[in-house]
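The lines below spell out each chain.
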Amino acid sequence: MSKLVRRAIIPAITLLFIICITILEKSKSNTSLYDKSSEIFDSISHFTFASPHEQKSSPNAQEFPPHPSSGQLTTDKQNAEHEESKEEVPDPCTIKNPLNQGFIDLRGLSAMGNENKPMPWKSRGYDSGKNFTIGICSNPFKQSHNEVSEIQDSVNSTMIGAYYIDPTTNKYVSMGEYSSHPIFRGRKLTLTYENGSFCNAYDLSTGARLRKTTILTFTCDREMSAKASVSYVGSSNDCTFFFEVRSHHACPTAAKANNMAAAWIFLFIFLAALAVYFSGGLLYKHMKASRKDNRGTSKA
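Right, let's walk through the structure included here. Keep in mind the model is a prediction, meaning the values are calculated, not measured.

1. Here we look at the environment of leucine 189
Consideration 1: Among the secondary structure elements, leucine 189 is positioned in strand β8 (residues 188-193).
Consideration 2: A residue is classified by how much of its surface remains accessible, and leucine 189, at 3% relative accessible area, is buried.
Consideration 3: For the pair leucine 189 and cysteine 220, spaced 31 residues apart in sequence, the C-alpha to C-alpha distance is 9.6 Å.
Consideration 4: The residues touching leucine 189, leaving out its near neighbours within four places in the chain, are Ile95, Ile104, Leu106, Pro182, Ile183, Phe184, Leu216, Thr217 and Phe218.

Below, the structure written as structure tokens:
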């Protein structure tokens, strides 16, 4: 292979490396690397296979886009807001911190990260005289229970997110239906369970009997060896219960990328390398044939 071909291959590989870095930089947003690469290939194919009629444009003619009406602007705005809200919907038991955009995945503390098997967390109530069992984003029961004879107020046992056993009736008392949608309140990550068993309290405005509620607050702890530690904080009128969950799962991590990203990068580099190799070979053959022609001409 001649020096010219070898010199041409080095800039080509450098250009390929720059393209790959550019794709990786663009893929840092919510759009996956696969989608970004697809957009690039679509742009190239559109540019390459566009008909000459489409590519022609009069140098003197200047095209102005039609002025959209107010109704069209409103529709476009609604569509944009709908698409934006659709993109921001997180997976169950996950959330993105609105302050620093850190991704938090709590599924490792729930049945979702345990092959859909219940993962109950115990917490001692100390002065309350109760021992609590809590499920994070899931139901903590390991077996089914009769809602009439075993569950207080006959609430749906499959939706219970936290409970304790009433020592008087020996029934399970629901502390709220589990939720898989954590919420940031300021800098604090919380998970709220509502619509549990009835409390001995009433709403002053409506007179309706209140139901038990549980509020979980999550604290990032990267140094603890266990998965999590659930601590009872307190309760209000034996109706609203507060717990703190310390875990490394509450720490921000990188969101899981598309599994096809690495394969797509490898395929892209492989195809580009093949293109460089064959183009270099053709260039070398062309130069070799040109030299033979020049030698034949000089001899003649």
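2. Here we look at the state of the cysteines
Consideration 1: For the structure shown, the criterion picks out three disulfides.
Consideration 2: Between the sulfur atoms of cysteine 93 and its disulfide mate cysteine 137 the distance is 2.1 Å. On the sign convention where negative is left-handed, the bridge of cysteine 93 and cysteine 137, at about 85° about the S-S bond, is right-handed. Here the residue cysteine 93 occupies a position in the loop between α4 (70-87) and β1 (94-96), and cysteine 137 occupies one in the loop between β4 (131-134) and β5 (162-165), the gap between them amounting to 44 residues.
Consideration 3: A sulfur-sulfur separation of 1.8 Å characterises the disulfide bridge that pairs cysteine 220 with cysteine 251. Here the S-S torsion is close to 95°, and the disulfide linking cysteine 220 with cysteine 251 is therefore right-handed. Here the residue cysteine 220 occupies a position in strand β11 (residues 213-220), and cysteine 251 occupies one in the loop between β13 (240-247) and α5 (261-299), the gap between them amounting to 31 residues.

Criteria and thresholds
- Residues numbered from 1 in each chain as written.
- Predicted model: local features only at pLDDT ≥ 70, side-chain atom pairs only at ≥ 80, totals over all residues.
- Heavy atoms only, no water.
- Helix = DSSP H or I, 4+ residues; strand = E, 2+ residues; numbered from the N terminus.
- Buried < 20%, exposed > 50% of the residue type's maximum accessible area, 1.4 Å probe, protein only.
- Contact = heavy atoms within 4.5 Å.
- Disulfide = S-S within 2.5 Å.

Note that all results are geometric; they support no functional claim without further evidence.
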